[in-house]
Amino acid sequence: MTEAIIGDPTKVFEQIREQLVPYNKNGIELTEATDINADLNIDSVAILDLLMNIEDAYEISIPINLLADVRTVGDLSDIVRRMIDAQAEGGAP
Amino acid sequence: MNKYVNNSGDLFDKFNALDETREQLLGDGVNPFHVRMDRVKSATEAVIDGRDVILFGTNNYLGLTFDPACMEAARAAVAAEGTGTTGSRIANGSYALHQDLEAAIAKFFQRSSAIVFSTGYQANLGVLAGLLGPGDTVLIDADNHASIYDGCRLSGADIVRFKHNDAADLDRRLGRVPGGAARCLIVVEGVYSMMGDVAPLADFAEVKTKHGAYMMVDEAHSLGIYGEHGRGNAESDGIEEAVDFVVGTFSKSLGAIGGYGVSDHPRFELLRLASRPYMFTASPSPSNVASVIEALRTISSTDEHRVRIWQNAHVLHGDLSALGLDICAPPGPIIAIRLDDAAQAFAFWKRLLDQGIYTNLAVPPGTPNGISMLRCSVSAAHSDQQIEKIIAAFALVAQEFGLAA
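Residues numbered from 1 in each chain as written. Chains lettered and ligands numbered in written order. Predicted model: local features only at pLDDT ≥ 70, side-chain atom pairs only at ≥ 80, totals over all residues.

## Remarks on the overall build of chain A
Okay, step 1: Within chain A one finds four helices and zero strands.
Okay, step 2: Each helix and strand of chain A, placed in order from N terminus to C terminus, yields the pattern α-α-α-α.
Okay, step 3: Among the 93 residues that make up chain A, the fraction classed as buried is 23%.
Okay, step 4: Of all intrachain contacts in chain A linking residues separated by at least 6 positions in sequence, the fraction that spans at least 24 positions is 58%. (Helix = DSSP H or I, 4+ residues; strand = E, 2+ residues; numbered from the N terminus. Buried ≥ 20, exposed ≤ 12 C-beta atoms within 10 Å, placed from the backbone. Contact = placed C-beta atoms within 7 Å.)

Take a look at the structure:
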């Protein structure tokens, strides 16, 4: 899975969007600008669980510290993309 | 008119959602998070709102808060050394009692070093923020206590969560950490404070050894209860050798306040110069320290409290299960009863208090997996008669709620 999405921002976003479906209780349209907390109303524990699922989907390590900079779905996609690229190169991000 | 009313852009606006949830759940009635105990009469009895209440939710596992020897030690320390230390050990110096307590804890755990902190929360904050720094990675159980999360955040280390009590999941995530496990610390708890479930420490120890990481175990809810000598779950599981750091509290089994970290690492003492939650806070007061020394002496010299809490735990767990209540874990010091939702849990909690039984209401987001429950804690000091009253009250309320078997 990892190899297929390196350098492909659209694919990462699409896959994150799929991961978010169970949390999208009101069925709003998910875009890069969707605010994870305000628009989706995901609580602080649920977002940590979501991050675990993303780590497993891509078989990478994403420290939860990085969530401090995440507000939108686009922010989350950027971080995941960055971590995939960094860890595919075999080094620390 | 209140000068804070009608402000736009108030600092407290960030709590609007919290405020709304609180209103919905509690209204104007009794607030389960701000119960006033008019008077605490013993380790298991208090007066709330003019009524006698049995305490079934205060973590007073061994009932030592009213132990005559512990109380006398505290009284003697106040008489000899006053009410407080008025500052940190770095600035004001250590009282001999602080060092005596550290020696007693190190001896109890059979470790070379022990450091005392002013609260249990600060023990996790101090050990984690002291040990870890940027470039290190800490792997934490998803259900770890807030003090562990906060200590990790304060440290600047990379924080990776693994699934609760899942050693295979830890193994996978540890394997993904860039750069290997040499600077990785695994953090788990012996007994989990909300559900009362026990960690599979032998499995974690195996993963730890396989990867060459460090491991810390928080024995806050297991000290004095698990293990032949009461050293906690690492002792009962026979894996103390694999545990590099033990953290715990004085505020549960030992009946006072404060916390500790112990280790055999030859450089553990460096934390006294590197751990801000140790350095920049007032040291524990003499009476508090003296009572903890006495409590440690008590649990080292007799197993009567340990035997009694297990007897009580088995009776309470068995009888509450027989009522048809859904208990989250096997018998132990914590009995967590799962209920349908926050509103039902709150109503159940309130009815129990009406019947003279005090428990803890636990609702999301403070609980794992969004469950709502009543969290009860067993004490060695609960008498047979009190246990009968507790069971009778639960039977009545469970019946009222249609939950009885």
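## Considerations on the sheet that holds strand S15 (residues 372–377) of chain B
Residue and element names in this part refer to chain B.
Okay, step 1: Pairing is antiparallel in the open sheet, where four strands are placed in the order S11-S12-S15-S14. In the strand order of this sheet, the two ends are held by strand S11 (326–327) and strand S14 (360–362), each with one partner.
Okay, step 2: Here three bridges tie S14 to S15, and the two strands are oriented antiparallel to one another. Counterpart to alanine 362 in the pairing with S15 is methionine 373.
Okay, step 3: Each of S11 and strand S12 (334–339) is contacted by helix H13 (residues 304–322), which is oriented at about 15° to S12, the strand it contacts most.
Okay, step 4: Docked against the sheet, helix H14 (residues 342–354) engages S12, S14 and S15, running at close to 35° with respect to S15. (Pairing = 2+ DSSP bridges. Axes fitted to C-alpha atoms, helices over the stretch in contact; angles between N-to-C directions.)

## Examining the confidence of the model for chain A
Okay, step 1: The share of residues in chain A with pLDDT of 70 or more is 88%, and the mean pLDDT across the chain is 84.
Okay, step 2: Confidence drops under pLDDT 50 across residues 1–5 of chain A; counting only partners more than four residues distant or on other chains, this segment forms nine contacts. (pLDDT = per-residue confidence, 0-100.)

## Quick notes on helix H12 (residues 286–301) of chain B
Residue and element names in this part refer to chain B.
Okay, step 1: When the terminal C-alpha atoms of H12 are compared, their 23 Å separation across 16 residues agrees well with the 22 Å that a helix rising 1.5 Å per residue should span.
Okay, step 2: Taking burial as the measure, the 16 residues of H12 include twelve buried ones, the bulk of the element.
Okay, step 3: Of the positions making up H12, those classed as buried are Pro286, Ser287, Asn288, Val289, Ala290, Ser291, Val292, Ile293, Glu294, Ala295, Leu296 and Ile299.
Okay, step 4: Its buried side turned inward, H12 meets helix H2 (68–81), helix H4 (96–109) and H13. (Expected span 1.5 Å × (residues − 1).)

## Observations regarding the environment of histidine 98 of chain B
All names here are of chain B.
Okay, step 1: Counting through the fold element by element, histidine 98 comes out in helix H4.
Okay, step 2: Taking the number of C-beta atoms within 10 Å as the measure of exposure, histidine 98 has 19 and is therefore partly exposed.
Okay, step 3: Here the alpha-carbon distance between histidine 98 and arginine 172, two residues 74 residues apart in the chain, equals 42 Å.
Okay, step 4: The residues contacting histidine 98, other than those within four sequence positions of it, are Arg89, Val116, Ser283 and Val289.

## Details of the sheet that holds strand S5 (residues 137–141) of chain B
Residues and elements named next belong to chain B.
Okay, step 1: Reading across from one edge, S4-S10-S9-S8-S7-S5-S6 is the order of the seven strands in this open sheet, with mixed pairing throughout. Of all strands in the sheet, those with a lone pairing partner are strand S4 (113–117) and strand S6 (158–162), marking the two edges. Neighbour to neighbour, the strand axes of the sheet diverge by 20° on average, direction disregarded.
Okay, step 2: Strand contacts of H4: S4, strand S9 (245–249) and strand S10 (259–263), with the helix running at about 130° to S4, the strand carrying the most contacts.
Okay, step 3: Packed on one face of the sheet, helix H6 (residues 146–155) meets S5, S6, strand S7 (184–189) and strand S8 (214–218) and runs near 165° to S5.

## Side note on the interface of chain A and chain B
Okay, step 1: Between chain A and chain B, the contact holds 14 residues from the first and ten residues from the second.
Okay, step 2: When residues of the side of chain A that touches chain B are assigned to their parent elements, the largest contribution, four residues, is made by helix H3 (residues 44–58) of chain A.

## Observations regarding the domain arrangement of chain B
Residue and element names in this part refer to chain B.
Okay, step 1: Taken domain by domain, chain B consists of domain 1 (26–55 + 303–400) and domain 2 (67–301).
Okay, step 2: Across the boundary between the two partners, domain 1 contributes 14 residues, which contact 14 residues of domain 2.
Okay, step 3: Within the residue set of the side of domain 1 that touches domain 2, elements represented by two or more residues are H13 and S12.
Okay, step 4: When its residues are assigned to classes, the side of domain 1 that touches domain 2 shows nine nonpolar, three polar and two charged. (Domains from an automatic or database assignment. Nonpolar A, V, L, I, M, F, W, Y, C, P; charged D, E, K, R; others polar.)

## Observations regarding the nonpolar core
Okay, step 1: Leu185, Ile186, Phe204, Met215, Ile337 and Ala345 of chain B are the most contacted members of the largest nonpolar core, which totals 124 residues.
Okay, step 2: Shared between two domains, this core takes at least three residues from each, and those domains are domain 1 (26–55 + 303–400) and domain 2 (67–301) of chain B.
Okay, step 3: Ignoring sequence-local partners within four residues, the contact set of methionine 215 of chain B consists of Ile186, Phe204, Ala205, Lys208, Ala242, Val243 and Asp244 of chain B.
Okay, step 4: Formed by 15 residues, the second largest nonpolar core is a distinct cluster that contains Phe13, Leu51, Tyr58 and Val80 of chain A. (Core = buried A, V, L, I, M, F, W, Y, C linked by C-beta atoms within 7 Å.)

## Things to note about the packing of helix H2 (residues 9–20) of chain A against H3 of chain A
Residue and element names in this part refer to chain A.
Okay, step 1: Put simply, H2 and H3 touch, their axes get as near as 11 Å, and they point 135° apart. Of the possible angle classes, the one that applies to H2 and H3 is oblique. Pair H2 / H3 crosses with right-handed handedness. Residues Gln15, Ile16 and Gln19 of H2 touch H3, and the partners they reach there are Leu50, Asn53, Ile54 and Ala57.
Okay, step 2: When grouped by side-chain class, the residues that make up the contact of H2 with H3 number four nonpolar, three polar and no charged. (Parallel < 35°, antiparallel > 145°, perpendicular 65-115°, else oblique. Left-handed = near helix turned anticlockwise from the far one by under 90°.)

## Things to note about the packing of H2 of chain A against helix H4 (residues 73–88) of chain A
Residues and elements named next belong to chain A.
Okay, step 1: It is the contact of H2 with H4, at a shortest axis distance of 9 Å, that shows an interaxial angle of 120°. On the basis of the axis angle, H2 is oblique to H4. Crossing of H2 over H4 shows right-handed handedness. Within the contact between the two elements, H2 uses Pro9, Val12, Phe13, Ile16, Arg17 and Leu20 and H4 uses Val73, Leu76, Ser77, Val80 and Arg81.
Okay, step 2: Looking at side-chain class alone, the contact of H2 with H4 contains eight nonpolar, one polar and two charged residues.

## Topic: the environment of isoleucine 327 of chain B
Residues and elements named next belong to chain B.
Okay, step 1: Its place among the elements puts isoleucine 327 in strand S11.
Okay, step 2: Residue isoleucine 327 is classed as buried on the basis of its 21 C-beta neighbours within 10 Å.
Okay, step 3: C-alpha of isoleucine 327 to C-alpha of histidine 317: the two residues are ten residues apart in sequence and 7.9 Å apart in space.

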